[in-house]
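# Understanding the architecture of this molecule
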Amino acid sequence: METRDIVFIALFAAITAALAVFPPVTLPVIGVPITAQSLGVMLAGGVLGAMRGGLAIVLLLGLLAIGLPLLAGGRGGFGVFLGPTGGYLIGWAVAAFVIGFLTERFWSRLTYPGAFVICVAGGVVVLYAIGIPWSAFVAKVSLGTALAGSLPFIPGDIVKALIAAGVIVIVKRSYPIIAK
Amino acid sequence: MLTDLYVSGDSPVHRARPVRKIVALIVVCTGLFIFEGWPSVLTAGILVGAGFAMAGLRPRHALASLRPALWILVAIFAVQAMLTDALFAGFVTARFVVLILAAALVTLTTRTSEFVEGILAALTHAPHWIPKHQIALAISLCLRFIPLVRTVLEEVRQAQQARGTHASLTALLVPLVVRTLKTGDEVAQAIYARSPE
């Protein structure tokens, strides 16, 4: 891994951390905050590709674990992994990797709808497939209850996939990183 | 929280090894979530306050660390107070304040370089196949990039306000990503130019 790759990994960890400035909206039922930060996760994968994108989020999670308050609302510290939403944080890294993998696969013919489908596949399907069982386990509820509790967040994530796809396609045209 | 806020000093808090400070921070943050309730928040609050006093930090340092999160904390308090009650809202907000101040105490009394050396020192016991120096570089770069990204975000926002455009997230994110990617390339070239190989 070259210095340039390390720089981009650090950069997207920082971008995802900086997106915490947009205020989180916490729904009362299960308390999962809707934040702009999952946009950073989608962009990390879609702009940097699988390995660099995934590692960018792993780096962010590492900095969170050692106590830096980088999540929306100034949350951070090892405690965030222990709560009911810890699975979504681990899922972020996997989601960025999957989005990056699919983006690399379809790079030469990447269009806006394609990028949107990729962002939904990684940022919604994969993310929830990890987050929901985790929530169900730590909160001691059934998978169905955890799924029902997560449904209100899906429209927000679809909107974020729409935005991320637009950014990924424009950045691909103006400053491509994956092709080099 | 992360902008280079190091306040020089020679207190026991400044001299403590970064690894110990990080471990203490992990213990405090984890403890606050495991033992939920006012007693743990108050205990941690007193500990953090004592730490600030011992390090010779002034209340303005604490306020400066809280300012970026201030209006978010106010919003969280308001929402929680509506959904539950004022006491619980106070607890949730107080916990955030203590968490942010605990992290700030470490940041204010530790140079970024010391911080990374501390993690490197912890990594020396790691197996040789772990790319220690690359991990250290990624961490120190990220800590530098966070204030940079925040600044660029604010500049793009202000530029769009000055033109009277209602910034959509796309219109905000594209210049942010492209500008910081360019900066990233410049930083990579600078590191490459200075490396001995």
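What counts and what doesn't
Residues numbered from 1 in each chain as written. Chains lettered and ligands numbered in written order. Predicted model: local features only at pLDDT ≥ 70, side-chain atom pairs only at ≥ 80, totals over all residues. Heavy atoms only, no water. Helix = DSSP H or I, 4+ residues; strand = E, 2+ residues; numbered from the N terminus. Buried < 20%, exposed > 50% of the residue type's maximum accessible area, 1.4 Å probe, protein only. Contact = heavy atoms within 4.5 Å. Areas by Shrake-Rupley, 256 points an atom, 1.4 Å probe, with all protein chains shown as cover. Buried area = accessible area lost by both parts, 1.4 Å probe. Salt bridge = Lys/Arg side-chain N within 4 Å of Asp/Glu carboxyl O. Polar contact = N/O pair within 3.5 Å; in protein donor to acceptor, adjacent residues only side chain to side chain. UniProt positions renumbered as here; feature names shortened; annotations may be inferred. Phe/Tyr/Trp six-rings, centres within 6.5 Å; stacked < 30°, edge-to-face > 60°. Axes fitted to C-alpha atoms, helices over the stretch in contact; angles between N-to-C directions. Parallel < 35°, antiparallel > 145°, perpendicular 65-115°, else oblique. Left-handed = near helix turned anticlockwise from the far one by under 90°.

The subject of this paragraph is the overall build of chain A. Of regular secondary structure, chain A possesses 8 helices and 2 strands. Start at the N end of chain A and walk to the C end: the helices and strands fall as α-β-β-α-α-α-α-α-α-α. Per-residue burial over chain A gives 62% buried out of 180 residues. Of the contacts formed within chain A by residues at least 6 apart in sequence, a portion of 71% connects residues at least 24 apart.

Time to look at the overall build of chain B. Across its full length, chain B carries 9 helices and 0 strands. Along chain B, helices and strands appear, N-terminal first, in the series α-α-α-α-α-α-α-α-α. The proportion of buried residues among the 197 residues of chain B is 43%. Long-range contacts, defined here as pairs at least 24 residues apart, represent 70% of the contacts in chain B between residues at least 6 apart. Surface accessibility of chain B: about 10800 Å² in total, with carbon and sulfur atoms responsible for 66%.

With 47 residues of chain B in contact, the opposing surface of chain A contributes 46 residues. Broken down residue by residue, the surface that chain B buries against chain A is led by L173(B), L181(B) and D185(B), which jointly contribute 13%. Applying the counting criterion to the chain B and chain A interface returns 1 salt bridge. Between R4(A) and D185(B) there is a salt bridge, with its nearest N and O atoms 2.5 Å apart. The tally of links between chain B and chain A comes to 3 residue pairs in polar contact (both at pLDDT 80 or more).

What follows deals with the UniProt feature "transmembrane region" (unreviewed entry) in chain B. All names here are of chain B. Look at the UniProt record and you will see "transmembrane region" (unreviewed entry) annotated at residues 41-57, 64-82 and 88-108. Here residues 41-57 runs as 82% helix and 0% strand, with 21 Å between its end C-alpha atoms. End-to-end, the C-alpha atoms of residues 88-108 are 30 Å apart, and along that stretch the chain is 100% helix and 0% strand.

Residue and element names in this part refer to chain B. By the definition in use, this model includes 3 aromatic pairs over all chains. Between the aromatic rings of F88 and F91, the centroid separation amounts to 6.0 Å while the plane-to-plane angle is 45°, which identifies the pairing as tilted. With F88 and F91 both in helix α6 (residues 86-109) and 3 residues apart, the pair spans about one turn of that helix. The class for F91 is buried, based on a relative accessible area of 5%. Among the aromatic residues, those joined into a cluster by ring pairs are W38, F88 and F91.

We now examine the environment of T103(A). Residues and elements named next belong to chain A. If you trace the backbone, T103 turns up in helix α5 (residues 86-105). Along the backbone, T103 and L48 are 55 residues apart, and their C-alpha atoms lie at a distance of 9.2 Å. In contact with T103, not counting residues within four places along its chain, are G45, G46, L110, I118 and I178.

A few words now on the packing of helix α8 (residues 154-174) of chain A against helix α9 (residues 169-194) of chain B. The N-to-C vectors of α8(A) and α9(B) enclose an angle of 40°; their axes lie 9 Å apart at closest approach. As far as their axial angle goes, α9(B) and α8(A) are oblique. The chirality of how α8(A) crosses α9(B) is right-handed. Contacts from I163(A), V167(A), I170(A), V171(A) and S174(A) of α8(A) reach α9(B) at L169(B), T170(B), L173(B), V174(B), V177(B), V178(B) and L181(B).

Okay, the packing of helix α2 (residues 37-48) of chain A against α5(A) next. All names here are of chain A. Closest axis-to-axis distance for the α2/α5 pair is 7 Å, and the angle between their directions is 35°. Like other packed secondary-structure pairs, α2 and α5 cross with a definite hand, here right-handed. The segment α2 lies against α5, with Q37, S38, V41, M42, G45, G46 and L48 engaging W92, A95, A96, I99, G100, T103 and E104.

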